[in-house]
Amino acid sequence: MKRFQLLLANEIKLFRTAVPIHVVAMLQPTIMYLLMSAILVYPTFDMYVDRPTTVEGHALVAAMREVGSPIGLPYINPILVEWEGGAVSRQIVTMQEDNGTRVAVQRYGLIDSNLVKNFRNRLTAAGLRLWSAALGDRAVIVEEYAWLPRDVPYTVYFGMALLPMTAFLAASMLGAVLTAQEFELHTIVEYRLAPAPLGLILGGRLTRLILFAMVASGILLLATGLVNDVWPDSVWGVGLVLLPVAAIAGCLGVLAGLMMQRVIPAFLVALVGSFVGWIMGSAFGLAAGFGGWYEWVSRLTPFTHAVELLFPRYFGSEVGSPLVSGLVLVFLSVGLVGLTVLVYRWRVLGREGP
């Protein structure tokens, strides 16, 4: 145990050999989340409405205030303004007469197609409420049953889905850079001559990578909670899910360093692999919701399995098959540890097999 502690302490001291890489690996996902959370779509939209002067106009504004989730925030925040027909910055709704009928006209400013869709859908929902009220007993009654016990902002899902990527990026990037660096600086000779067993050497490195991955994920978890005031029901449960993800990533990073033996190529493999795997692994929504080939491919990555295991911690409802996802992560991590041992013996000790 004493030798392992010394090896682990030495691994942690290697932080000084690649400070910028450590900073990028540990803080980049949190910085990206904070920037993205400022522009991601929020459920409640400010919609400017020309101040109504008719019964129909007041009824439309009242209907707009009723549009929303049955368990969460309203979808429309109507802001009454005096519009004189000038330029429109985002959008504005006016009531006009067309062949004796009052109609709502929505004008758009300089916004993208996604915002146009969201603004249009919200006005349509308000119009449908008016139509349903006008039909009286003939109206179709729509009963809404919420799937989740509470309405959680999308920024929470985005932060949750970033947690596996954060652990993966930190462990794989640091593992790749540190391992390749040893070949470039020829310090790998020390490991070749070290009397310590192979298990202690690799154990110290993987433990160090997992610890740094957990710290990076903890920073993101804290940022997500502070931004949204939404926290997982069990921080330990989140850590238990991220543990095999970090182990998988650490092994892949070490493997990249062993095979490439150059810092830049190994760094790029870890970076590209982390982002591609994250995007294909439920980064912006549950893979089951997309279906088709995307769902099939996503299950080949550890990210979708990790996201489905994290989902109940934040949203209070299970998705997928927790047992299958847990087994996939455990078997992947154990299998990659074994593969890393074999490749290490081949590339560092110069021999194959046991």
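Up top is the structure.
Basis of the calculations
Sequence order as written defines the numbering, with residues in each chain counted from 1. Local features in this predicted model are restricted to residues whose pLDDT is 70 or higher, and side-chain atom pairs enter the listing and the counts only when it is 80 or higher, whereas totals over whole chains, interfaces and linings include all residues. Side-chain calculation: all heavy atoms of the structure are included, whereas hydrogens and water are not. Strands are runs of DSSP state E lasting at least two residues, helices are runs of H or I lasting at least four, and both sets are numbered from the N terminus onward. For this measure, only C-alpha atoms enter the radius of gyration; the expected value for a globule follows 2.2 Å times N^0.38, where N is the number of residues. Three exposure classes are used, based on accessible area relative to the maximum for each residue type with a 1.4 Å probe and protein chains only: buried under 20%, partly exposed in between, and exposed over 50%. The criterion used for residue contact is that any of the two residues' heavy atoms lie within 4.5 Å. Note that accessible areas follow from Shrake-Rupley with a 1.4 Å probe, and for residues the cover is restricted to the protein chains shown. For this document, the term salt bridge refers to a Lys or Arg side-chain nitrogen within 4 Å of an Asp or Glu carboxyl oxygen. Two rings belonging to Phe, Tyr or Trp (six-membered ring only in the last case) form a pair when the distance between their centres is within 6.5 Å. Interplanar angles under 30 degrees mark stacking, angles over 60 mark edge-to-face geometry, and anything in between is tilted. Charge over a ring is defined by NZ of Lys or CZ of Arg lying within 6 Å of the ring centre and within 35 degrees of the ring normal. DSSP-based pairing: two strands are paired if at least 2 bridges between them are found. Buried residues of nine kinds, namely Ala, Val, Leu, Ile, Met, Phe, Trp, Tyr and Cys, make up a nonpolar core once their side-chain atoms join them within 4.5 Å. To define axes, lines are fitted to C-alpha atoms, for helices over the stretch in contact only, and angles between the resulting N-to-C directions are given on a 0 to 180 degree scale. Our angle categories are set so that under 35 degrees counts as roughly parallel, over 145 as roughly antiparallel, 65 to 115 as roughly perpendicular, and the remainder as oblique. Each crossing gets its hand from how the near helix is turned against the far one by less than a right angle, where anticlockwise is left-handed and clockwise is right-handed.

J.: Outline the overall build of the protein, listing residues and values.
T.: Helices and strands together make up the secondary structure of the protein, namely 13 helices and 4 strands. Against the globule reference of 20 Å for 354 residues, the protein gives a C-alpha radius of gyration of 27 Å, more extended than a compact globule. Scored against the burial criterion, the 354 residues of the protein give a buried share of 45%. The long-range fraction of contacts in the protein, counting pairs at least 24 apart against all pairs at least 6 apart in sequence, stands at 76%. Of the roughly 18,300 Å² that the protein leaves accessible, carbon and sulfur atoms contribute 65%.

J.: Tell me about the pattern of salt bridges, residues and numbers included.
T.: Evaluated as defined, the whole model comprises 6 salt bridges. We note a salt bridge from arginine 51 to glutamate 82, for which the minimum N-O separation is 2.8 Å. Of the two residues, arginine 51 is situated in the loop between β1 (45-50) and α3 (55-66) and glutamate 82 in the loop between β2 (76-81) and β3 (91-98); the sequence distance between them amounts to 31 residues. Take arginine 51: its relative accessible area is 39%, and that puts it in the partly exposed class. Taking relative accessible area as the criterion, glutamate 82 reaches 57% and is therefore assigned exposed. One connected set of salt bridges, linked through shared partners, spans Glu295, Arg299 and Glu308.

J.: So what about the packing of aromatic side chains? Which residues, and what values?
T.: How two aromatic rings sit relative to each other is set out by the distance from centre to centre and by the angle between their planes. One pass over the full model with this rule turns up 13 aromatic pairs. Consider the rings of phenylalanine 158 and tryptophan 278, whose centres lie 6.1 Å apart with planes at 65°: the pair is edge-to-face. Of this pair, phenylalanine 158 sits in helix α5 (residues 154-184) while tryptophan 278 sits in helix α9 (residues 263-280), placing them 120 residues apart in sequence. Take phenylalanine 158 and tryptophan 278: they sit in the same class, and that class is buried. Between phenylalanine 311 and phenylalanine 315, the ring centres sit 4.4 Å apart and the planes meet at 10°, which makes this aromatic pair stacked. Residue phenylalanine 311 and its partner phenylalanine 315 are both found in helix α12 (residues 302-315); the two are separated by 4 residues, about one turn of the helix. Aromatic rings pair up to connect Tyr33, Phe158, Phe275, Trp278 and Phe284 into one cluster. Arginine 208 extends its terminal NZ or CZ atom over the ring of phenylalanine 212, reaching a point 4.4 Å from the ring centre.

J.: An account of the pairing of β3 is requested, with residue identities and associated values reported.
T.: Working note: regular strand, side chains alternate between the two faces of the sheet. Taken together, the 2 bridges between β1 and β3 define a ladder with parallel strand orientation. Bridge pairing in β3 places valine 49 opposite valine 93. The loop that links β3 with its antiparallel partner strand β4 (residues 101-108) comprises 2 residues; one of these, asparagine 99, has a positive phi angle of about 55°.

J.: How would you sum up the nonpolar core? Please name residues and give values.
T.: One finds Trp278 and Phe315 to be the most contacted residues of the largest nonpolar core, which totals 77 residues. Counting residues per element, the ones that place at least two in this core are α2 (19-37), α5, α6 (188-193), α7 (198-228), α8 (235-260), α9, α12 and α13 (322-347). Not counting chain neighbours up to four residues away, the residues in contact with tryptophan 278 comprise Met32, Phe158, Ala161, Leu162, Met165, Ala283, Phe284 and Phe303. Residues Val49, Phe119, Leu123 and Ala126 belong to the second largest nonpolar core, which totals 16 residues.

J.: Explain the packing of α5 against α9 to me, and be specific about the residues and the numbers.
T.: The geometry of α5 relative to α9 is characterised by a closest axis approach of 8 Å and an angle of 165° between their N-to-C directions. In terms of axis orientation, α5 runs roughly antiparallel to α9. Both α5 and α9 take part in a crossing whose hand is right-handed.

Remember that the coordinates give geometry; whether it matters functionally is a separate question.
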